[in-house]
Every structure is written in structure tokens, then in C-alpha cells.
Amino acid sequence: MTETKLPESQKAARYHPSENKIKVDTTPLPKPKADELLIKVHSSSLCHSDVMLLEPNDAGLILGDGSPVTIGHEATGTILFVPDSCTDPKLKVGAKIGFLCPFNVCYECEGCQVHNLWCKNENKGMRGFGADGFFQEYVATHWRNAHLLPEGMDVYTAAPLFCAGITSWHGVTNAGIKPGEWMAIIGCGGLGHLGIQYAKKLGYSVIGIDLVDGQLEEAKASGADHVFNPVTDGDYVAKVKEITKGGCHAAVNFTASRRAYDSTPALLRINGILMVVGIPNEPLTFSPMDLAMQKFRIGGGNNGTPQMLGPCIDFSAKHGVKPHVTNFKIEQIQEMIDLMHDGKARGRLAVRWD
């Protein structure tokens, strides 16, 4: 398989449903199936949806059969083994890659052109939820999930681009606004600080909104033109309307807060677009009258499919869009979770494996 002698076991962060806890366990190395790469992981970064495993949710997260499952769906690594079926000449042993998380999908059906969750295969799923994910030292995944890192892109800091990056890219670009127009970014953390960078590099004027001052500092460092904390500034909506001369052309909500969504339409100008990206645990409610009369529109953005990775990763490399990554050891996984729960994480938190 590879000239490198591999260990028999590895460390992995696994969610234990019976205890509702994430623990560091020793597990066997994954064995690649037909069509799968074997990857030595360099960085695994934590996403809010990983932490949602610990929370009651109506968001449709599939938690498997109740057995412990390795969390994580953002990672980068080096290829150790390539299956004979791989037709991508760039995927070679030794190549540095990032990769998405679908499994048991066909990649070809109508659903797979939108998101692999909608694949026609009944047993499809996303690693980190329905099957072992990427918070482990070695990963086996279908070669079609992988994307070669551009020259010069750091394998140790690029992991967040393969969920937070591609998701924020779609949230920003799917809004369809023009350079010079105004975009509000609601939630300036892991996804938001990347969304702000993309928006600025695309020529938009950006307003960052967050309840945590530390996140607003990150927003300013990422290039936001103005930032507001609704907790400490009760007039922020009026100020946004004044700055933008009527409201933002788009507002991208990266939060998992229904209250944040409830207040977002007030930031928009007439016929502006609200982009739904963050997924609260409870349903959202919008006025049918407002939508029917086009007071504002609604769109969405997500991490998409492997074939959608190219524009985001190439743009990130060309324009210097970089995640703010704080590295930890795998034994600090609970500290990482606590920081994310408490809203104290700036940018993205990651385990650096070597």
C-alpha cells in the first residue's frame, strides 16, 4: 500500500451517544475500500455542527446507530495510497489535499449536483455524523472527495477551507450582489471571518455584526468596514441604514440563532436578500407578505459538493484568504469544545497531528 510503515492503532475524538460526551479513544486505522484514498491527516478543525452532536437538534443530523463515532468533517492531509479506480492525475501518493465528507454517494444523480445529502442512494451520509469522521490520525475517503491544495497553501492551516471556507464562499457568492454594494455578515466567528475576507476580495462593502466583542475584533482584522454589537448598541439598525443609505443589499447569517435571524431582515434595503447559512435548532419564521411583496428575498448557502470546491480553493490561494487557526493537541478536544460553546473561539480551532 505504501512504503511508510503504519501503526496498528491511532488516536481519535469520538462522540459517545450513550454518555453524550466526546472522548479521545484509541482505534484501529481505517482500511480503504474500493475507490478510497488513505490519508495521513495533518490538521482537523472543529465546526459548530460537530458540537451540535451534544445538543438536542431538529436539524436532521444523522447520528448512526448509537455506537461511538469519530467526529469531524474539516481536514487536510497527505495521500498515502491511491486506488486503481482514481482518474484524477493530480491525486498522487505524497500529494497534499483537503477533502469533503460524503460517503456512499453516487456523485452523478440530480441530487448530487446540489448536495450529496440529496443523493438517490438510500444509505448515503456525511462522515462525522453517520460514519467515522476526520478527527483521527488517518482517514479513508473516496478519491472524488479530495482536492489538491494549490502551491503555497499551508496544509496545517487550510483545513477550515473545506467546510467553513466553501460554506462561507457559497453564502457570499450566492447572494449575487455587485462590487461596491453592501453586505452584512451576521456571526463573525469561524465562518464569518472567512465570509468577510471573501466579500472584501470580491469588492463588497462589509458590515460585521456579532454579540461578542472578540469576534468583532476578528471581523475588523478580516477587513470589515464597520462592526456592531447589538448588545451594546441599541441603535445599530438605524446606523446600518444610515451608513448604507437605506440598508444592505445582502445579509449573510452564519449563526445558529433564531433571534439573530429574526432581526436580520431589518438590516436589508427593499428587495435585499437574506442568505441562510447557519442552522438553528428551531425552525425559522418569515412573513409571507414580506416575501410575496418582495420586501426581501431568501437564499441559501452550504458546503456544496466536491466538484464545487475548485473556485473557492483557487480564489482563496490567489487572493490570500486565510483562516485564523488556533492549534491544539487532540487531548485538548474538550477545551476546544468549551471555547466554541462559550463564544470565545476566534476564527477556527484545530488539532495539529504532527
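That block above? That's the structure.
None of these values were measured; they are calculated from a predicted model.

### Side note on the layout of surface pockets
Right, on to step 1. Size it by volume and the second largest pocket reaches roughly 440 Å³.
Right, on to step 2. Forming the walls of the second largest pocket are 26 residues, and the residues nearest its centre are K33, E36, F103, R127 and A140.
Right, on to step 3. Residue assignment for the lining of the second largest pocket shows that the elements contributing at least two residues are β1 (9-16), β2 (21-28), β7 (102-103) and β9 (138-142).
Right, on to step 4. Sorting elements by how many residues they give to the lining of the second largest pocket places β9 first, with four residues.
Right, on to step 5. In terms of residue class, the lining of the second largest pocket is built from 11 nonpolar, eight polar and seven charged.

### Quick look at the sheet that holds β2
As a general point, the strands of a sheet are linked pairwise by backbone hydrogen bonds and lie either parallel or antiparallel.
Right, on to step 1. Here three strands make up an open sheet; going across it, the order is β2-β1-β4 and the pairing antiparallel. On the outer flanks of this sheet lie β2 and β4 (69-70), each paired with one strand and no other.
Right, on to step 2. Strand direction decides the pairing type here: β1 and β2, joined by eight bridges, are antiparallel. When the bridges of β2 are listed, Q10 appears paired with T27.

### Let's talk about the packing of aromatic side chains
Right, on to step 1. Tallied over the full model, the rule gives five aromatic pairs.
Right, on to step 2. Centre to centre, the rings of F99 and F134 are 4.9 Å apart; their planes meet at 75 degrees, and the pair counts as edge-to-face. Taken as a pair, F99 in strand β6 (residues 96-99) and F134 in the loop between β8 (125-126) and β9 lie far apart in primary sequence, 35 residues in all.
Right, on to step 3. Among the residues examined, F99 registers a relative accessible area of 0% and is labelled buried.
Right, on to step 4. Between F286 and F296, the ring centres sit 6.2 Å apart and the planes meet at 70 degrees, which makes this aromatic pair edge-to-face. Residue F286 is located in the loop between β15 (268-276) and α7 (288-292), and its partner F296 is located in strand β16 (residues 296-300); the two are separated by 10 residues in the primary sequence.
Right, on to step 5. According to the relative accessible area criterion, F296 is buried, its value standing at 4%.

Rules and cut-offs
- The residue numbers shown here count from 1 along each chain, following its written sequence.
- Only residues with pLDDT of 70 or above have their local features reported here, since the model is predicted, and side-chain atom pairs are shown and tallied only from 80 upward, although totals for entire chains, interfaces and linings are computed over all residues.
- Only hydrogens and water are removed before side-chain values are computed, so all heavy atoms of the structure are retained for them.
- In this analysis, the protein atoms alone were mapped onto a 1 Å grid. Cavities are point sets where a 1.4 Å probe fits without being able to get out; pockets are open sets with protein on both sides within 12 Å along at least five of seven lines; lining residues have an atom within 4 Å of a point.
- Grid points are joined across faces, edges and corners, and a volume is the space filled by probe spheres set on the points.
- Here a helix means four or more residues in a row that DSSP labels H or I, a strand means two or more in a row labelled E, and each is numbered from the N terminus.
- By the convention adopted, Pro, Cys, Tyr, Trp, Phe, Met, Ile, Leu, Val and Ala count as nonpolar, Lys, Arg, Asp and Glu as charged, and the other residues, Gly among them, as polar.
- Note: two strands are recorded as paired if DSSP finds a minimum of 2 bridges between them.
- When the centres of two rings from Phe, Tyr and Trp lie within 6.5 Å, Trp using its six-membered ring, the rings pair. Their planes under 30 degrees apart give stacked, over 60 give edge-to-face, and anything left gives tilted.
- Residue exposure (1.4 Å probe, protein chains only): buried if accessible area is under 20% of the type maximum, exposed if over 50%, otherwise partly exposed.

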